[in-house]
Amino acid sequence: MQLTGLHHLTAITGQASANVAFYTHTLGMRLVKKTVNQDDVSAYHLFYGDTVGNPGTELTFFDWPAAVSNRNGAGTIAQTALRVPGREALEWWANHLTGAGIAHSGIITVDRRERIEFTDPEQQHLALVNDNGAAGGVPWERSTVPAEYGIKGLDAVTLMVRDLDPLAYVLTEVLGFQQVSSYHANGDSGRPVTVFAAGNGGPGTEVHVEAGRHLPAGRLGRGGMHHVAFRTPNVAEQNEWRRHITSAGLPVSPLIDRFYFHSIYFRVPGNIQFEIATDGPGFATDEDAAHLGETLALPPFLAPRRAEIEAGLQPIAPYAPAQ
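Residues numbered from 1 in each chain as written. Predicted model: local features only at pLDDT ≥ 70, side-chain atom pairs only at ≥ 80, totals over all residues. Heavy atoms only, no water.

Caption draft 1: How the structure looks around the packing of aromatic side chains. Inspection of every chain in the model, using the stated rule, returns 14 aromatic pairs. Here the aromatic rings of Phe 230 and Phe 274 are separated by 5.1 Å at their centres, their planes lie at 65 degrees, and the arrangement is edge-to-face. With Phe 230 in strand β13 (residues 225-232) and Phe 274 in strand β16 (residues 272-278), the pair connects residues that are 44 residues apart, well separated along the chain. We classify Phe 274 as buried; its relative accessible area is 0%. (Phe/Tyr/Trp six-rings, centres within 6.5 Å; stacked < 30°, edge-to-face > 60°. Helix = DSSP H or I, 4+ residues; strand = E, 2+ residues; numbered from the N terminus. Buried < 20%, exposed > 50% of the residue type's maximum accessible area, 1.4 Å probe, protein only.)

Written out as structure tokens, the structure is:
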């Protein structure tokens, strides 16, 4: 029983139309599912990913316009790193972001890997990281970004906590991560960051943890990350994980059928929400793979409420994929 890496990351937006425009047109990700938050059907749940939203490629957003602005600090997921295929891709992205008027770090090296750091329009912290051609993730051929430079999926996530040891214990002794490296944010004089990896390690498996009493209290809101989900292959293993995590003394939700995958949720030291999600069934379960994300998709248990749900949602500006 082993978590194999990142499954998806879920953030908060207050501007659904602008969010779709940025992540599909500027970053070239595919909107693979336009649905609703199953626990709050007044809000969209938008999923972006590779050509079919394979596990490990999904960056998702709850649409909560009334939320306060996010403030990174202790108890937050502070940065999302996305994979691109090489140095040439990073050079293309540096020019592309500059042309789009987006301030960025240029190509820098962090923990021995090249990256570009920037923020989205709601100040969510993002990075594009050279994955040196690692396997996994297939950029959409109809993306606004050339496929040879496209975002392939998730690379890593950065957490902020005051105390490293309790979180490190849960990551390694309960969830089976390995502590693989450490570095200093912003260079040798910067803040220490410890890196943990799930499964076989490498791109798409890492959790970076910045810890210290220097961190101010964080506040979750628009432009922030709500939770991080990790991959397990099937429901049988997910049930094993639920029993295992419960036996370690962490409260865990019941298994929840999200239709596109199954989920369990729990909080780790630092009060950060984790999820373990199954690799399937996937986003083509209720839509033709060629037309994912073009209309509002509702799982069967919400389908009888379609008229009510649609009436409570603000329309998203028309989505026009590249031809």
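Caption draft 2: Representation of the pairing of strand β4 (residues 58-63). Of all 6 residues making up β4, 6 are buried, and the element is well covered by its neighbours. Every second residue of β4 is oriented toward a common face, with Glu 58, Thr 60 and Phe 62 on one face and Leu 59, Phe 61 and Asp 63 on the other, all of them buried. Where strand β1 (residues 6-13) lies against β4, 6 bridges are found, and the strand directions are parallel. Bridge pairing in β4 links His 8 to Glu 58. Pairing of strand β3 (residues 40-49) with β4 involves 4 bridges; the strand directions are antiparallel. Across the sheet, Phe 47 pairs through a bridge with Thr 60, a residue of β4. (Pairing = 2+ DSSP bridges.)

Caption draft 3: Highlighting unusual backbone geometry. Of the consecutive residues Gly 280 and Pro 281, the connecting peptide bond is found in the cis state with omega at 10 degrees. As for its position among the elements, Pro 281 is in the loop between β16 and α5 (306-311). The backbone phi angle of Phe 259 is positive, close to 75 degrees, even though this residue is not glycine. Positionally, Phe 259 belongs in the loop between β14 (256-257) and β15 (262-268).

Caption draft 4: Structural detail: helix α1 (residues 16-26). Listed as buried for α1 are Ala 16, Asn 19, Val 20, Phe 22, Tyr 23, Thr 24 and Thr 26. Gly 28, located one to two residues past α1, shows a positive phi value of around 75 degrees.

Caption draft 5: Local environment of the environment of Gly 5. By the secondary structure assignment, Gly 5 is in the segment before β1. The sequence separation of Gly 5 and Gln 178 amounts to 173 residues, and the corresponding C-alpha distance is 12 Å.

Caption draft 6: Representation of the environment of Gly 153 within the structure. Relative to the helices and strands, Gly 153 is located in strand β9 (residues 153-161). Ignoring anything within four residues of it in the chain, the contact list for Gly 153 reads Gly 56, Thr 57, Leu 82 and Arg 83. (Contact = heavy atoms within 4.5 Å.)

Caption draft 7: Main features of the environment of Phe 261. Among the structural elements, Phe 261 can be located in the loop between β14 and β15. In the structure, Phe 261 is positioned 27 residues away from Asn 234 in sequence and 9.0 Å away in space, judged by C-alpha atoms. When sequence neighbours within four positions are dropped, the list of residues in contact with Phe 261 reads His 7, His 8, Phe 47, Glu 58, Ile 256, Glu 275, Ala 277, Thr 278, Gly 280, Pro 281 and Phe 283.

Caption draft 8: How the structure looks around helix α4 (residues 235-247). An ideal rise of 1.5 Å per residue puts 18 Å on 13 residues; α4 measures up with 18 Å between its terminal C-alpha atoms. Those residues of α4 lying buried are Gln 238, Trp 241 and Ile 245. Burial along α4 is one-sided: seen end-on, the buried residues are contained in an arc of 55 degrees. In α4, those exposed residues whose orientation departs by more than 90 degrees from the buried face are Ala 236 and Ser 247. Buried residues along α4 sit against α3 (164-174), β13, β15 and β16. N-capping of α4 is provided by Asn 234, with a side-chain oxygen placed 3.3 Å from the backbone N of Ala 236. With its phi angle positive at about 95 degrees, Gly 249 sits one or two positions after the end of α4. (Expected span 1.5 Å × (residues − 1). Arc of directions from axis to C-beta. Polar contact = N/O pair within 3.5 Å; in protein donor to acceptor, adjacent residues only side chain to side chain.)

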